[in-house]
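Secondary and tertiary structure notes
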Amino acid sequence: MKATGIVRRIDDLGRIVIPKEIRRTLRIRERDALEIFTDRDGEVILKKYSPIADLEDFAQEYADSLFESTGHVALIIDRDTYIAVAGTSKKTYLGKTVSDDIADLMEDRKPWSSATANRKLAITNFEDAHQILVPIIHDGDVVGAVALVSKDRPLGELEQTLCQTAADFLAKQLG
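The notes below deal with the structure included here. None of these values were measured; they are calculated from a predicted model. Residues take numbers from 1 onward in each chain, read along the sequence in its written order. Only residues with pLDDT of at least 70 are given local features in this predicted model, and only at 80 or more are side-chain atom pairs given and counted; all residues enter the totals for whole chains, interfaces and linings. Water and hydrogen atoms play no part in the side-chain values, which are based on all heavy atoms of the structure.

1. Notes on the pattern of salt bridges
To be explicit about the condition: For salt bridges, the criterion is a side-chain nitrogen of Lys or Arg within 4 Å of an Asp or Glu carboxyl oxygen. Starting at the N terminus, helices and strands are each numbered in turn, a helix being any DSSP run of H or I of at least four residues and a strand any DSSP run of E of at least two.
For the structure shown, the criterion picks out two salt bridges. Among the ionic pairs, arginine 79 bridges to glutamate 107, the shortest N-O distance being 3.3 Å. With arginine 79 in the loop between strand E3 (73-78) and strand E4 (82-86) and glutamate 107 in helix H4 (residues 100-107), the pair connects residues that are 28 residues apart, well separated along the chain.

Here you go:
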């Protein structure tokens, strides 16, 4: 753990302000949930909570099924990182931070397709790939996304419906 040199006092309601620089660096937004941990040395540790990360094994199985049935690279993303990958190198993506563009697309709360978009997006490192991204929405909050990527052929309504079905199903698994 590294010190930031920033000191904050707890107010009379027991609150502490997380400095803007730290929130920006860690992509902590207003209304984000944080898990609170303590250790034997009396340290308090805050960790950004990802409800979809609790479904990591299940998400991986779903990504594997999407890849097997479509032949396209399948990715499941929480708000910040890739949590399940099928059809390409897991080492390249698993646990890696998503780009700001992908985070912004998720916050738009609607399906996105490279076929109808007027901008390119790098969900993967494949150049000129065809891509679909559908946000996972649970209890009114965006918690992640399901994406399909094809190196060789355009993705259409069927693939978008599959991503939407996966996103809806994963959202229901969150309770």
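2. Notes on the sheet that holds strand E5 (residues 112-113)
How we decide: Only strands joined by at least two bridges in the DSSP assignment are considered to pair. Here a residue-residue contact requires only that any non-hydrogen atoms of the pair lie within 4.5 Å. Simply put, an axis is a line fit to the C-alpha atoms, just over the touching stretch for a helix, and the angle between two N-to-C directions goes from 0 to 180 degrees.
The five strands lie next to each other as E4-E3-E7-E6-E5, forming an open sheet whose pairing is antiparallel. If you trace the sheet from one side to the other, it starts and ends with E4 and E5, each paired once. Pairing between E3 and strand E7 (residues 141-150): six bridges, direction antiparallel. Paired with leucine 75 across the bridge in E7 is alanine 147. Contacting E3, E5, strand E6 (130-138) and E7, helix H5 (residues 157-173) runs over the sheet at an angle of about 25° to E6.

3. Quick notes on the side chain of aspartate 80
Definition in use: Working definition: with a 1.4 Å probe on protein chains only, accessible area under 20% of the residue-type maximum means buried, over 50% means exposed, and in between means partly exposed.
Mapped onto the elements of the fold, aspartate 80 is located in the loop between E3 and E4. A residue is classified by how much of its surface remains accessible, and aspartate 80, at 13% relative accessible area, is buried. In this structure, aspartate 80 is in contact with Arg27, Arg29, Lys48, Lys96, Thr97 and Val98, ignoring residues within four places of it in sequence.

4. Some words on the nonpolar core
What counts is decided by this rule: The nonpolar core is taken to be a set of buried Ala, Val, Leu, Ile, Met, Phe, Trp, Tyr and Cys residues, with the residues joined through side-chain atoms within 4.5 Å.
Formed by 24 residues in total, the largest nonpolar core has its most connected members in Ala63, Leu66, Ile76, Ile136, Val146, Leu148 and Cys163. Contributions of two or more residues to this core are made by helix H2 (56-70), E3, E4, E6, E7 and H5. Counting residues per element, this core draws most heavily on H5, which supplies five residues. Membership of the second largest hydrophobic core comes to 20 residues, among which are Tyr82, Val85, Tyr93 and Ala129.

5. What about H5?
At 3.6 residues per turn, the α-helix brings residues three or four places apart onto the same side. The line we're drawing: In this scheme, a helix's expected span is set at 1.5 Å multiplied by one less than its residue total. Along the arc lie the directions from the helix axis toward the C-beta atoms.
Here H5 is 17 residues long and its end C-alpha atoms lie 24 Å apart, about the 24 Å a rise of 1.5 Å per residue gives. Inspection of H5 places Glu159, Cys163, Ala166, Ala167, Leu170 and Ala171 among the buried residues, and these make up the whole buried set. On an axial view of H5, the arc spanned by its buried residues comes to 130°, and they lie on one face. Exposed positions of H5 whose direction lies more than 90 degrees from the buried face are Glu157, Leu158 and Lys172. Where the residues of H5 are buried, they touch H2, E3, E6 and E7. After H5 finishes, the residue glycine 175 shows a positive phi value of roughly 105°.

6. Concerning unusual backbone geometry
What is expected of a backbone is that most residues other than glycine have negative phi and most peptide bonds are trans. One non-glycine residue, arginine 109, lies in positive phi territory at about 65°. Turning to its location among the elements, arginine 109 is positioned in the loop between H4 and E5. One non-glycine residue, aspartate 139, adopts positive backbone phi at about 50°. Relative to the assigned elements, aspartate 139 resides in the loop between E6 and E7.

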